[in-house]
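Examining the three-dimensional arrangement
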Amino acid sequence: MENTRNQVSTKNPTLLQSEELHEYILKTGVYPREPNPLKELRIATANHPMAFMGIAPDAGQLMTMLLKLVNPKNAIEIGVFTGYSLLLTALTIPDYGKITAIDKNRKAYEIGLPIIKKAGVEHKIDFTESPALPILDKLLENPEKEGSFDFAFVDADKNNYWNYHKRLMKLVKIGGMVIYDNTLWGGSVALREEDVPEAKREWRQCAIEFNKLISADPRVEMSQVPLGDGITICRRVC
Ligand SMILES: C[S@@+](CC[C@H](N)C(=O)[O-])C[C@H]1O[C@@H](n2cnc3c(N)ncnc32)[C@H](O)[C@@H]1O
């Protein structure tokens, strides 16, 4: 008889069962180690009406460690907002490293920019105000750009994640890393559509479709991490 014990879980093995536990993690292991420029940027963003858009600091901490392991020379970031994830990348990569940062709206970036300048890492950032797809397509017109990035972070319009992925599978080298934020979309991916507020349904569906596609993509190894709003860590293997 087929052994289904490992396929059917009867209880929720997730550790994060309460808001208090999340607070505990932030206060114990994340905020005390958060570099001062990042703390400053997080506080400067706190009163922004869209402050919730910044990467979760605990997910950012994991991303910092991954960046140190990859040690990228060339990184790409899609979706900058006020710049928390961009600043953590700029603080982490080597001094000669470069980040191609793209956001369709520069206004929020202006909030983080003075802090980025004060931290002495602005020289690593090449910011472009534009929708991201045409910029990726432009990069791909130059054959030298294929495989020229070591790391990419995607945190923008969820309906384009697969379009970004198709392009990043050419721009990021084999062995390089790509991280996608918000892939659990507030946990709504596992709820019935009728139980999800209408405003969240469209991007919930995008996340569900993206998660299915990425899971079946032989070009990457992947890990779905339930930190923050869910991050998917991919390593290009072919
Ligand atoms: C969730 S926020 C990014 C948060 C950022 N990574 C951080 O840690 O603070 C999403 C950003 O994506 C940008 N965005 C949305 N659609 C875009 C597109 N098609 N091309 C480029 N940027 C886009 C928005 O302007 C917004 O600033």
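Refer to the structure printed above.
Figured I'd write up the structure that's included with this text. Computed from a predicted structure; not experimentally measured.

Bringing the side chain of T89 into the picture now. The residue T89 is located in helix α4 (residues 84-92) in this model. The exposure class assigned to T89 is buried, which follows from its relative accessible area of 1%. Within the structure, the side chain of T89 is placed 2.8 Å from the backbone oxygen of S85, a separation counted as a polar contact. In this view, T89 contacts M63, L67, A75, E77 and I99; residues no more than four positions away in its chain are not counted.

This paragraph deals with the side chain of T64. Here T64 is to be found in helix α3 (residues 57-70). Since its relative accessible area comes to 19%, T64 is described here as buried. Residues contacting T64, with those up to four places away along its chain left out, are L88 and T92.

Counted by the stated rule, this structure contains six aromatic pairs. Considering the side-chain rings of Y109 and F127, the 4.2 Å spacing of their centres and the 10 degrees angle between planes classify their relative orientation as stacked. Of the two residues, Y109 sits in helix α5 (residues 109-118) while F127 sits in strand β3 (residues 125-129), which places them 18 residues apart along the sequence. Accessibility expressed as a relative area gives 3% for Y109, which makes it buried.

Of all residues adjacent to the ligand, which total 19 residues, the nearest are G79, S85, D103, A132 and D155. F81 is positioned with one of its backbone polar atoms (N or O) 3.3 Å from an oxygen atom of the ligand. In this structure, a nitrogen atom belonging to the ligand sits 3.0 Å away from a side-chain N or O atom of D157. With the chains in place, 90% of the 600 Å² that the ligand exposes on its own is no longer accessible. Classifying every residue of the shell around the ligand by side-chain character gives ten nonpolar, four polar and five charged.

Reading the values: rules and limits
Residues numbered from 1 in each chain as written. Predicted model: local features only at pLDDT ≥ 70, side-chain atom pairs only at ≥ 80, totals over all residues. Heavy atoms only, no water. Helix = DSSP H or I, 4+ residues; strand = E, 2+ residues; numbered from the N terminus. Buried < 20%, exposed > 50% of the residue type's maximum accessible area, 1.4 Å probe, protein only. Polar contact = N/O pair within 3.5 Å; in protein donor to acceptor, adjacent residues only side chain to side chain. Contact = heavy atoms within 4.5 Å. Phe/Tyr/Trp six-rings, centres within 6.5 Å; stacked < 30°, edge-to-face > 60°. Near = heavy atom within 4 Å. Areas by Shrake-Rupley, 256 points an atom, 1.4 Å probe, with all protein chains shown as cover. Nonpolar A, V, L, I, M, F, W, Y, C, P; charged D, E, K, R; others polar.

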